[in-house]
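Fold and contact review
For reference, the chains in residue letters:
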Amino acid sequence: MHTIGEAAAQTGLTPKMIRYYESQGLFTPQGRSSAGYRLYDEADLHALRFIRSARELGFSLAQIADLTSLWRDRHRASAEVKRLAMAHIDELETKAALLQSMAATLRTLAQHCHGDERPECPILEGLAAQAQLPAKPRPARTS
């Protein structure tokens, strides 16, 4: 059995994140010391590494809850796992396209800026012009 500090060192997570994942119901440590401290066995460490891997791929906590549930269910169909992965790929591709669009807009503004001692700045003028436009609806967050 491992203390939370040892579990953190072995999983690449901080103790604070481990406690957070527990509070969110993503996993429950299997043991407690006589003083009530959390103790982690190898299965707990494996679950924490699984959660860390899913977070590194950008899955939301809700998606990770679904994934961990499916991971633990040895009788689940892989089709459900694939459905979750494909939906996440769509979300990532949408975010990537938005980031590319933002970079292109900023690149265009920066290319028109002389970057010298003159006070005229196409970057600030472009941002000010954008501020005059009505706000675009924001996509719902899944994280």
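Residues numbered from 1 in each chain as written. Predicted model: local features only at pLDDT ≥ 70, side-chain atom pairs only at ≥ 80, totals over all residues. Heavy atoms only, no water.

**Some words on the overall build of the chain**
- Secondary structure assignment for the chain yields six helices and two strands.
- Counting from the amino terminus, the chain carries its helices and strands in the arrangement α-α-β-β-α-α-α-α.
- The C-alpha atoms of the chain give a radius of gyration of 23 Å, which is well past the 15 Å a tight globule of 143 residues would have.
- In terms of its C-alpha atoms, the chain occupies a principal-axis envelope of roughly 70 × 40 × 25 Å. (Helix = DSSP H or I, 4+ residues; strand = E, 2+ residues; numbered from the N terminus. Rg over C-alpha atoms; globule rule 2.2 N^0.38 Å.)

**A look at the layout of surface pockets**
- Within this model, the largest pocket holds a volume of roughly 560 Å³.
- As for the largest pocket, its lining consists of 14 residues, of which Leu98, Ser101, Met102, Gln130 and Lys136 are closest to the centre.
- At the level of elements, helix H5 (78-111) and helix H6 (122-131) are the ones that each hand at least two residues to the lining of the largest pocket.
- Ranked by residue count, the leading element in the lining of the largest pocket is H5, at six residues. (1 Å grid on protein atoms, 1.4 Å probe; cavity = no way out; pocket = protein on both sides within 12 Å on 5 of 7 lines; lining within 4 Å. Points joined across faces, edges and corners; volume = space filled by probe spheres on them.)

**Examining helix H4 (residues 61-72)**
- Compared with the 16 Å implied by 1.5 Å per residue over 12 residues, the 16 Å span of H4 between its first and last C-alpha is a close match.
- Listing the buried residues of H4 in full gives Leu61, Gln63, Ile64, Leu67, Thr68, Leu70 and Trp71.
- Those residues of H4 that are buried lie in contact with helix H2 (15-23), helix H3 (42-56) and H5. (Expected span 1.5 Å × (residues − 1). Buried < 20%, exposed > 50% of the residue type's maximum accessible area, 1.4 Å probe, protein only. Contact = heavy atoms within 4.5 Å.)

**Side note on H2**
- Listed as buried for H2 are Ile18, Tyr21 and Glu22. The buried residues of H2 occupy an angular sector of 100° when the element is viewed end-on, so they sit on one face. Residues of H2 that are exposed and angled more than 90 degrees away from the buried face: Lys16 and Ser23.
- Buried residues in H2 make contact with helix H1 (4-11), strand S1 (31-32), strand S2 (38-39), H3 and H4.
- Among the residues trailing H2, Gly25 stands out with phi positive, at a value near 80°. (Arc of directions from axis to C-beta.)

**Some words on the pattern of salt bridges**
- Under the defined criterion, the tally for this structure stands at four salt bridges.
- Arg52 is paired through a salt bridge with Glu56; the nearest N and O atoms lie 3.3 Å apart. Taken together, the residues span about one helical turn, with Arg52 and Glu56 both in helix H3 at a distance of four residues.
- Residue class for Arg52 comes out partly exposed when judged on its relative accessible area of 22%. (Salt bridge = Lys/Arg side-chain N within 4 Å of Asp/Glu carboxyl O.)

**Focus: the side chain of Gln63**
- On the secondary structure map, Gln63 appears in helix H4.
- The class for Gln63 is buried, based on a relative accessible area of 11%.
- At 2.7 Å, the side chain of Gln63 and the backbone nitrogen of Ser60 are in polar contact. (Polar contact = N/O pair within 3.5 Å; in protein donor to acceptor, adjacent residues only side chain to side chain.)

**Some thoughts on the environment of Asp44**
- Among the secondary structure elements, Asp44 is positioned in helix H3.
- In this structure the C-alpha to C-alpha distance between Asp44 and Ala7, which are 37 residues apart in sequence, comes to 8.5 Å.
- In contact with Asp44, other than residues within four places in its own chain, are Phe27, Thr28, Pro29, Gln30 and Leu39.

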